[in-house]
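# A look at the structure
Read off the chains here:
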Amino acid sequence: MSGELDDDVEAEQTISINEYLNDVEEKELEADLVLGGDEGKECTYSKGYMKRQAIFSCLSCAPEGNAGVCTACSLTCHDGHESWWWHCIVMSSSVCKIVELWTKRNFRCDCGNSKFGEFFCKLFPSKDVENAENSYNHNFKGVYCTCNRPYPDPDVEEQVEMIQCCICEDWFHEEHIGLEPSDEIPRDDEGEPVYEDFICKACSAVCSFLSTYPQTIWAAGLRRNAGCNTNKDKDVLEEIPSAGGSGKLENGICSNGSPREDNAIANTSAESVTGGKGVTGESSKKIFDLVQCMNDGGAHIACLFGDNIVVDGSISLTKPLFLSKNWRATLCRCKKCLSMYEQKRVPYLIDEEDSIAEYERTAKQKREEKLQQQEGAELTFLNKLGHVEKMEILNGIADMKDEFHNFLQSFDPSKAITSDDVHQIFENLAKKRRRE
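As the structure is a prediction and not an experimental result, all values here were calculated from the model.

Turning our eyes to something else, we now look at the pairing of strand S1 (residues 50-58). Side-chain direction in a regular strand flips from residue to residue, so the side chains alternate between the two faces of the sheet. Of all nine residues in S1, eight are buried; the element is thus mostly enclosed. Note: S1 against strand S2 (residues 98-107), seven bridges, orientation antiparallel. Paired with serine 57 across the bridge in S2 is valine 99.

A word on a nonpolar patch on the surface. A cluster of nonpolar side chains, namely Phe381, Met391, Ile393, Leu394 and Ile397, defines an oily patch on the protein surface of about 470 Å² accessible area. Tallying contributions element by element places helix H11 (residues 387-410) first for the nonpolar patch, with four residues. The class for leucine 394 is partly exposed, based on a relative accessible area of 46%.

Among the nonpolar cores identified, the biggest contains 45 residues, and Ile167, Phe198, Ile199, Phe209, Leu210, Tyr213 and Tyr341 are the most heavily contacted of them. Put simply, the parts of the chain that give this core at least two residues each are S2, strand S3 (162-164), strand S4 (171-173), strand S5 (197-199), strand S8 (321-323) and helix H9 (335-343). Composition of this core by domain shows at least three residues from each of domain 1 (31-80 + 95-141) and domain 2 (143-220 + 311-351). Listed in part, the 19 residues of the second largest apolar core include Cys70, Ile98, Cys121 and Tyr359.

A few words now on the pattern of salt bridges. Enumeration according to the criterion identifies 13 salt bridges in this entry. Of the charged contacts in the structure, one is a salt bridge between arginine 52 and glutamate 169, with a shortest N-O distance of 3.0 Å. Linking arginine 52 in strand S1 with glutamate 169 in the loop between S3 and S4, this pair joins segments that are 117 residues apart in sequence. Glutamate 169 matches arginine 52 in its accessibility class, with the two residues each being buried.

Moving on: the environment of cysteine 109. Locating cysteine 109 in the fold gives a position in the loop between S2 and S3. Given a relative accessible area of 1%, cysteine 109 falls into the buried group. Between the alpha carbons of cysteine 109 and phenylalanine 56 there is a distance of 9.4 Å; along the sequence they are 53 residues apart. If we skip the residues at most four places from it in the chain, cysteine 109 touches Cys43, Thr44, Tyr45, Gln53, Gly68, Val69, Cys70, Cys73, Lys127 and Asn131.

With the rule as written, the count across this model stands at eleven aromatic pairs. The interplanar angle of 45° and the centroid separation of 5.2 Å between the aromatic rings of tyrosine 45 and phenylalanine 124 together place this pair among those described as tilted. Taken as a pair, tyrosine 45 in the loop between helix H2 (17-35) and S1 and phenylalanine 124 in the loop between S2 and S3 lie far apart in primary sequence, 79 residues in all. For phenylalanine 124, a relative accessible area of 26% puts it in the partly exposed group. Ring centres of tryptophan 102 and tryptophan 171 lie 5.1 Å apart, and the angle between their planes is 55°; this geometry places the pair in the tilted category. Of this pair, tryptophan 102 sits in strand S2 while tryptophan 171 is found in strand S4, placing the two residues 69 residues apart along the sequence. With a relative accessible area of 22%, tryptophan 102 lands in the partly exposed category. The positively charged end of arginine 105 is found above the aromatic ring belonging to tyrosine 348, 3.6 Å away from the centroid. Above the ring of tyrosine 49, the side-chain terminus of arginine 108 is found at 5.8 Å from the ring centroid.

Attention now goes to the side chain of lysine 115. Within the fold, lysine 115 resides in the loop between S2 and S3. Separated by 3.0 Å, the side chains of lysine 115 and tyrosine 136 make a polar contact.

What follows concerns the environment of glutamate 358. Inspection of the secondary structure assignment puts glutamate 358 in helix H10 (residues 356-384). Look at glutamate 358 and you get buried, because its relative accessible area is 13%. Separated by 322 residues in the primary sequence, glutamate 358 and glycine 36 have C-alpha atoms spaced 9.9 Å apart. When neighbours within four sequence positions are excluded, glutamate 358 is seen to be in contact with Glu352 and Glu353.

To continue, consider H11. With 24 residues, H11 extends 35 Å from end C-alpha to end C-alpha; this agrees with the ideal 34 Å at 1.5 Å per step. Considered for burial, the residues of H11 that qualify are Asp399, Glu403 and Phe407.

So, on to the side chain of arginine 105. Along the chain, arginine 105 turns up in strand S2. Only 2.7 Å separates the side chain of arginine 105 from the side chain of aspartate 354, close enough to count as a polar contact. When neighbours within four sequence positions are excluded, arginine 105 is seen to be in contact with Met50, Lys51, Arg52, Cys166, Ile167, Glu169, Tyr348 and Asp354.

Rules of the game
Residues numbered from 1 in each chain as written. Predicted model: local features only at pLDDT ≥ 70, side-chain atom pairs only at ≥ 80, totals over all residues. Heavy atoms only, no water. Buried < 20%, exposed > 50% of the residue type's maximum accessible area, 1.4 Å probe, protein only. Helix = DSSP H or I, 4+ residues; strand = E, 2+ residues; numbered from the N terminus. Pairing = 2+ DSSP bridges. Patch = residues over 30% accessible without salt bridge, like charges linked within 9 Å, V, L, I, M, F, W, Y side chains within 5 Å. Areas by Shrake-Rupley, 256 points an atom, 1.4 Å probe, with all protein chains shown as cover. Salt bridge = Lys/Arg side-chain N within 4 Å of Asp/Glu carboxyl O. Core = buried A, V, L, I, M, F, W, Y, C linked by side-chain atoms within 4.5 Å. Domains from an automatic or database assignment. Contact = heavy atoms within 4.5 Å. Phe/Tyr/Trp six-rings, centres within 6.5 Å; stacked < 30°, edge-to-face > 60°. Lys NZ or Arg CZ within 6 Å of the ring centre and 35° of its normal. Polar contact = N/O pair within 3.5 Å; in protein donor to acceptor, adjacent residues only side chain to side chain. Expected span 1.5 Å × (residues − 1).

Quick look at the structure:
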């Protein structure tokens, strides 16, 4: 019996205070990245159709799964609604259930509109009857992928990560994305993804124009089978007319500017196109030339690819695609291509703020600014105090530090710290204050 108790003690997981604080910080950062730095204090309806924001679907208030609410409304108007989909299924209850959808593009908060019946938004009640430009998929019903399963899946013991398509914004299990045996998901040696965006098999046909671009837009690991012919890509690069109209590619230098200026532009832009990873040889030179002419100030006059760009869909990509970092920066922005993006309903691909990478970068920036404001507020509060109050606070911090230090020195490291131990620390501090 005693042996079983010893085994239970050994099996109990223990963590250090530093590990706990680091875990809390990581979770806070993860939440900020998902919410885009939104503190959830105001409904986003007044901001119109936002380029990207965190969205939630309440399947009790809108059981058809055809409505989405912003972060603030999910916290205020739908506070207490059950957020675990499988709990509602297992319990067979009628409790409210809210589905976390991560982020959606070009979406306006629906909370309290006609899709919610008699339910009104507590934060912004004066809303239109319906947001006609909002787009909904089966994610709003709490299911994902081609298998139409919820996430987390109550019927699966080990949950696996899913991949989001940057076009339809649905989420897919890796085993359901339709990879060919010769292809693989681009990852580094540690198993971390090295691609910036993923396009699912169904949406790849819409993006057939990508077959005209050089293979550097494909994430490493899929370039050999990305649906583009290597020789064809080479020909396209060699035949690309000047993006500025009057300039030409002569001996690898765009004739619209001086060699020194052109090389500076090319070296700067190529790094963003290749995700900061250098390419060598003739391929490197051609990519530099391509990006150089895109940035020569006349990219809106002539198409980068002349008549080679795939507009009519005669070339169809029907396989999942993984795009390299900063691939969107290589997309042509001439009038013909801009019209094509509109026709295919993918104009957001040339909008930097649409990408998840930019969304998370902005969230990190907002988080850093918030932390700096908090530190500034603490310093301002401390500076407003008199000398006596400052000394009392500093002495209290020193006493707490000493008490924790003494406790850890005398504590048996083989044992776990309990709530009684923590209470005892604060009782000792209180006794010391009373003696003073």
